[in-house]
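Here's the letter readout for the chains.
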Amino acid sequence: MPTLARHHYVRLVSEEDIRKFAYQKWEEAGKPDGDGQQFWLEAESELTHGYPKTT
């Protein structure tokens, strides 16, 4: 039985767009202490792949 290939599309987004979205996520989380890497990775994943990053 043939299988259907899954196509993964990646949207090109600027670093500035990721920065703004990550900052928005950080603010919405109550501006927690830390380096903000979690918010950057989440924003990058959501903007480029269209869904939240999973761990």
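Placed above this text is the structure.
Below, the structure is looked at part by part.

Reading the values: rules and limits
- Residues numbered from 1 in each chain as written.
- Predicted model: local features only at pLDDT ≥ 70, side-chain atom pairs only at ≥ 80, totals over all residues.
- Heavy atoms only, no water.
- Phe/Tyr/Trp six-rings, centres within 6.5 Å; stacked < 30°, edge-to-face > 60°.
- Helix = DSSP H or I, 4+ residues; strand = E, 2+ residues; numbered from the N terminus.
- Buried < 20%, exposed > 50% of the residue type's maximum accessible area, 1.4 Å probe, protein only.
- Lys NZ or Arg CZ within 6 Å of the ring centre and 35° of its normal.
- Core = buried A, V, L, I, M, F, W, Y, C linked by side-chain atoms within 4.5 Å.
- Contact = heavy atoms within 4.5 Å.
- Salt bridge = Lys/Arg side-chain N within 4 Å of Asp/Glu carboxyl O.
- Polar contact = N/O pair within 3.5 Å; in protein donor to acceptor, adjacent residues only side chain to side chain.

**Some words on the packing of aromatic side chains**
Okay, so step 1: By the definition in use, this model includes one aromatic pair.
Okay, so step 2: Their ring planes at 40° and their centres at 5.3 Å tell us that Tyr23 and Trp26 sit as a pair that is tilted. Of this pair, Tyr23 and Trp26 both sit in helix 1 (residues 15-28), three residues apart, which is roughly one turn of the helix.
Okay, so step 3: Look at Tyr23 and you get partly exposed, because its relative accessible area is 42%.
Okay, so step 4: On the basis of relative accessibility, which here comes to 24%, the residue Trp26 falls in the partly exposed class.
Okay, so step 5: The aromatic ring of Phe21 is capped on one face by Lys25, whose charged end is 5.3 Å from the ring centroid.

**Some points on the nonpolar core**
Okay, so step 1: By size, the foremost hydrophobic cluster in this structure holds five residues: Ile18, Ala22, Phe39, Ala43 and Leu47.
Okay, so step 2: Put simply, the parts of the chain that give this core at least two residues each are helix 1 and helix 2 (37-49).
Okay, so step 3: It is helix 2 that contributes the most residues to this core, three residues altogether.
Okay, so step 4: Not counting chain neighbours up to four residues away, the residues in contact with Ile18 comprise Val13, Trp40, Ala43, Glu44 and Leu47.

**Quick notes on the pattern of salt bridges**
Okay, so step 1: By the definition in use, this model includes four salt bridges.
Okay, so step 2: Note that Lys25 is salt-bridged to Glu46, the shortest N-O span being 3.2 Å. With a gap of 21 residues between them, Lys25 in helix 1 and Glu46 in helix 2 connect regions that are remote in the sequence.
Okay, so step 3: You can call Glu46 partly exposed: its relative accessible area is 22%.
Okay, so step 4: Three or more residues are tied together by salt bridges with common partners; here these are Glu16, Arg19 and Lys20.

**Description of the environment of Arg19**
Okay, so step 1: You can see Arg19 is positioned in helix 1.
Okay, so step 2: Along the backbone, Arg19 and Ala43 are 24 residues apart, and their C-alpha atoms lie at a distance of 7.9 Å.
Okay, so step 3: Within the structure, the side chain of Arg19 is placed 2.7 Å from the side chain of Glu16, a separation counted as a polar contact.

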